[in-house]
Amino acid sequence: MSAGELVALIQGLLQSRNCHKMEVSPENSCCFCLTLRSGTILIGIGNCLLYLCMFTWYLTSSTIDTGGLRDGLDVTSVDISIFSIFFVKTLVNILLLVGAVKRIPYLTLPWLCANAVSMMIAMVFIGFTILFGTTKLSLNYNEYVTSLTIMGMVTGITLFCWIVVFTFRNNLIMEAQIERVPSEMEFSAVNNQQSSMLIPNAPLPSYNEIESYKEGKSHPEDSPPEYEEAVSISMLSSECSNDSAKGLVIISFGVVVVCSIS
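Residues numbered from 1 in each chain as written. Predicted model: local features only at pLDDT ≥ 70, side-chain atom pairs only at ≥ 80, totals over all residues. Heavy atoms only, no water.

### Overview of the overall build of the chain
- Tallying secondary structure elements over the chain gives seven helices and zero strands in all.
- The helix and strand sequence of the chain, counted from the amino end, reads α-α-α-α-α-α-α.
- Here the chain, with 262 residues, has 20% of them falling under the buried criterion.
- Across the chain, contacts joining residues at least 24 apart in sequence account for 64% of those joining residues at least 6 apart.
- For the chain, the computed accessible surface area is about 19,500 Å², with 69% contributed by carbon and sulfur atoms. (Helix = DSSP H or I, 4+ residues; strand = E, 2+ residues; numbered from the N terminus. Buried < 20%, exposed > 50% of the residue type's maximum accessible area, 1.4 Å probe, protein only. Contact = heavy atoms within 4.5 Å. Areas by Shrake-Rupley, 256 points an atom, 1.4 Å probe, with all protein chains shown as cover.)

### A few points about the confidence of the model for the chain
- Residues at a pLDDT of 70 or more form 53% of the chain, whose mean pLDDT is 74.
- When pLDDT is averaged over each helix and strand of the chain, the minimum, 53, is found for helix H1 (residues 3-21) and the maximum, 92, for helix H4 (residues 109-132).
- Taken together, the stretch residues 16-25 has pLDDT below 50 and engages in four contacts with residues farther than four places along the chain or on a different chain. (pLDDT = per-residue confidence, 0-100.)

### Topic: the pattern of salt bridges
- Here the structure, examined in full by the defined rule, presents one salt bridge.
- Between Glu175 and Arg103 there is a salt bridge whose closest N-O contact spans 3.8 Å. Highlighted residues: Glu175 in helix H5 (residues 141-198) and Arg103 in the loop between helix H3 (77-102) and H4, separated in sequence by 72 residues.
- Overall, the relative accessible area of 28% leaves Glu175 in the partly exposed class. (Salt bridge = Lys/Arg side-chain N within 4 Å of Asp/Glu carboxyl O.)

Put into structure tokens, the structure is as follows:
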């Protein structure tokens, strides 16, 4: 098997494994015939209308006698608290609507955090009412049961809405990951294809080709001479050098004699 075939085999195994992982699609049902997206949009719209009605009732109702801005007086701490709660709740519900319509998961996080805090506060109030409702709060039996029923229903509905929004956010994140995987797989496939094109696919040489290459190879150089031959060669070279030196001396002596006679 060549290197390119091995790379293609590994790539096919990885693609089949990733496709098997992504076969399971996220659940997208809220309740009855509604999807999680439509349920989240209805939750955002319903909460916006609810807080707007409550804020309008606080400003126009004659049964509440707290003074402050609603009576034309200075702003009190109760007014500041009501305005802050209304502003925060309206803002997080608007962000929830935008996140549900445009499928942006991080815009649903403020709503989840705000309602998680609201549920914790409601649970504290329920526990305090159960323990001290008839003693420190001086509630009769009907008030005691009614307050617990209302707080329990509100907390339960808020918990259900929180689970719907949380599941919708997780589904958006999963869908984004599923859409990101094919692009990454295509990018890796292109890289593997380019690398496989760079790897040579030529087969290994056969035994006969190797033997013919050995036979056609040039013979190695002659081995160096033995010790005796090397000594004789050095002696001959030294004798030749001595003879040449003597010849030079004789020639130079003759030249000197000729110069002196002349």
